[in-house]
Amino acid sequence: QLARIQTDSVVEMLRELYPDLHFEIAVAMSTTGDKILDTALSKIGEKSLFTKELENALERNEVDLVVHSLKDLPTSLPPGFTIGAVCKRENPLDAVVFHPKNCGKTLSLLPEKSVIGTSSLRRAAQLKKKFPQLEFRDIRGNLNTRLNKLDEKEDFSAIILAAAGLKRMGWENRIGQLLSPEDCLYAVGQGALAVEVRAKDQEILNMVSALHDADTVLRCIAERAFMKRLEGGCSVPVAVNTVLKDGQLYLTGAVYSLDGSDSLKETMQTSVHYPQQNEDGPNDDVQRVGITAKNVPGQAQEAAENLGVELAGLLLSKGAKHILSVARQLNDAR
């Protein structure tokens, strides 16, 4: 349902921009990640859990564009594909949805040993450290499934979900607590929608590039470059927070051990204040961590990408590789 709402919202924007074109939502398909619901995401070990089947349809020319949650897209896309648009980001923060009996509480007010559901290693690692009195357990399924599991059983006192998904579903009233970046840094790309297209399809690429939100593009390029340099994925706890203000891009990035006891967190900034130049020629289609953003200044994109790489380099120099490799081994052994 969420995937359909997200797709509809992108198509609506395109229809407004191109009233003469006919847009058809041709296929709704299930992906590997949708089908394997009894295993933690971090254990399935498939890089493109929620994207592979959709990319196959793109490759066979059955569809011309695919809408994803950006956080589901790997930092390196398969050859022949690119993210042709990154839409304006919804609130990227994580939200706590409480069991009806805990309505009005916050995580710190829950009784000791209360069970919190999350399928994300990143959320669990940060919150275990912040709220050691609580227990964290895997919960899988789409948003509807997870909310039903919460409401209809007594297994969970609360679950953690992305605020963006709840808002898009019209369930904002279920948000009992928004987790600030001090409580919980968010996932790379969280809250942003990406439109994936065939990299060589200039016509479609030009069309969807009108959907790019420049601020979101720069923030997400920095976040994805950080993740890529760390070789992170959903099997290790990597988290970020970005702020773009007065032409300065601030990136906070962190890595955690599975229980949150060991962590590294740093912030760096760079200027992304560059005018848009007419960059004709081959530079037009430079992909940065899978994103082709024709209408965002190339120098600004480059600065954002370098920021992510440099911040990751700083964490690696302080021992991030060890923290992540231990986290990966422990996760594989679970």
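Quick caveat: nothing in here was measured; it's all calculated off a predicted structure. Numbering of residues starts from 1 in every chain and runs along the sequence as written. Two thresholds apply to this predicted model, a pLDDT of at least 70 for residue-level local features and 80 or more for giving and counting side-chain atom pairs, whereas whole-chain, interface and lining totals are computed over all residues. Heavy atoms throughout the structure, all of them, feed into the side-chain values; hydrogens and water do not.

Thoughts on the overall build of the protein chain
Secondary structure assignment for the protein chain yields eleven helices and eleven strands. In this setup the radius of gyration rests on C-alpha atoms only. A globule is expected at 2.2 Å times the number of residues raised to 0.38. Taken against the 2.2 N^0.38 rule, which gives 20 Å for 334 residues, the C-alpha radius of gyration of the protein chain at 20 Å falls within 12% of a compact globule. Within the protein chain, buried positions represent 51% of all 334 residues. Only heavy atoms matter for contacts: two residues are in contact if any of them lie within 4.5 Å across the pair. Restricting to contacts in the protein chain with at least 6 residues of sequence separation, those with at least 24 account for 71%. Per-residue accessibility takes into account occlusion by the displayed protein chains alone, with areas from the Shrake-Rupley method and a 1.4 Å probe. Taken as a whole, the protein chain presents about 15,500 Å² of accessible surface, with 48% of it coming from carbon and sulfur. Helix and strand definitions here come from DSSP, where helices need a minimum of 4 consecutive H or I residues and strands a minimum of 2 consecutive E residues; each element is numbered from the N-terminal end. For every residue, the accessible area obtained with a 1.4 Å probe (protein chains only) is divided by the maximum for its type, and the residue is called buried under 20%, exposed over 50%, and partly exposed between those limits.

So, the environment of Gln1
Position of Gln1 among the secondary structure elements: in the segment before α1 (2-17). Here Gln1 falls in the exposed class, since its relative accessible area comes to 53%.

Here's the deal with the domain arrangement of the protein chain
Here the protein chain is partitioned into domain 1 (1-91 + 188-333) and domain 2 (94-178). Buried area, as used here, totals the accessible surface that two parts lose on assembly, with accessibility defined by a 1.4 Å probe and the loss added over both. Across the domain 1 to domain 2 interface the summed buried area is about 2,100 Å²; carbon plus sulfur atoms make up 56%. Among the residues domain 1 hides against domain 2, the three largest losses belong to Leu2, Glu90 and Gln190. Together they make up 23% of the total. One speaks of a salt bridge when a side-chain nitrogen belonging to Lys or Arg is within 4 Å of a carboxyl oxygen belonging to Asp or Glu. In this structure, Lys167 engages Glu90 in a salt bridge whose closest nitrogen and oxygen atoms are separated by 3.3 Å. Between N or O atoms, a polar contact is any pair within 3.5 Å; within protein, one atom must be a potential hydrogen donor and the other a potential acceptor, and residues adjacent in sequence are included only when both atoms are from side chains. Counting every contact that joins domain 1 to domain 2 gives seven residue pairs in polar contact (both at pLDDT 80 or more). Note that the domain bounds reflect an automated or database-derived domain assignment.

Some remarks on the sheet that holds strand β2 (residues 81-86)
Pairing between two strands is assigned when DSSP locates at least 2 bridges connecting them. An order of β1-β8-β2 is seen for the three strands of this open sheet, with the pairing classed as antiparallel. At either end of the open sheet lies a strand with only one pairing partner, and these are β1 (66-69) and β2. Mean inter-strand twist for the sheet, computed between neighbouring axes without regard to direction, equals 40 degrees. Where β1 and strand β8 (residues 193-198) come together, four bridges link them in antiparallel fashion. Within β8, the residue paired with His68 across the bridge is Ala194. Along the sheet, helix α4 (residues 52-59) makes contact with β1, β2 and β8, crossing β8 at roughly 35 degrees. To get an axis, a line is fitted to the C-alpha atoms, and for a helix only the part in contact is used. The angle between two axes follows their N-to-C directions and goes from 0 to 180 degrees.

Thoughts on the pairing of strand β10 (residues 248-256)
Every other side chain in a regular strand lies on the same face of the sheet, so the side chains alternate between the two faces. Where burial is concerned, most of β10 is hidden: seven out of the nine residues are buried. Relative to β10, strand β9 (residues 238-245) runs antiparallel, the two being bridged by eight bridges. Looking across to β10, one finds that Leu244 is bridged to Leu249. What sits between the antiparallel neighbours β9 and β10 is a turn of two residues, in which Asp246 has the positive phi angle 50 degrees. With nine bridges joining them, β10 and strand β11 (residues 263-271) adopt antiparallel strand pairing. Looking at the pairing, Val255 lines up with Leu264 of β11. Counting the residues between successive antiparallel strands, the hairpin from β10 to β11 contains six residues, one of them, Gly260, with a positive phi of roughly 80 degrees.

Quick look at helix α5 (residues 121-130)
Buried residues dominate α5, accounting for seven of its ten residues. Looking only at α5, the buried set comprises Leu121, Arg122, Arg123, Ala124, Ala125, Gln126 and Leu127. A distance of 3.2 Å separates the backbone nitrogen of Arg122 from a side-chain oxygen at the start of α5, and that oxygen is part of Ser120.

Quick word on the pattern of salt bridges
Scanning all chains against the criterion turns up 14 salt bridges. Among the salt bridges present, the one from Arg4 reaches Asp8, with a minimum N-O distance of 3.2 Å. Residue Arg4 and its partner Asp8 are both found in helix α1; the two are separated by four residues, about one turn of the helix. Given the relative accessible area of 32%, Asp8 is considered partly exposed. One salt-bridge network, held together by shared partners, links Asp64, Arg198 and Asp201.

Re the pairing of β2
Burial runs high along β2: six of the six residues are buried. Pairing of β2 with β8 involves five bridges; the strand directions are antiparallel. Each residue of the ladder has a partner; that of Ile83, found in β8, is Glu196.

What about the nonpolar core?
Residues grouped as a nonpolar core are buried Ala, Val, Leu, Ile, Met, Phe, Trp, Tyr and Cys residues, joined through side-chain atoms within 4.5 Å. Ranked by size, the top nonpolar core spans 50 residues in total, and within it Leu70, Ile83, Phe226, Leu230, Val238 and Val255 carry the most contacts. Where this core is concerned, the elements lending two or more residues are α4, β2, α9 (214-230), β9, β10, α10 (298-317) and α11 (320-333). Among the elements that take part in this core, α9 stands out by supplying nine residues, more than any other. Look past the residues within four positions of Ile83 in its chain and what remains in contact with it is Leu70, Leu73, Leu77, Ala194, Val195, Glu196, Arg224, Gly290, Ile291 and Thr292. Core analysis: the next-biggest nonpolar cluster, separate from the first, contains 15 residues, Val11, Val67, Val208 and Leu211 among them.

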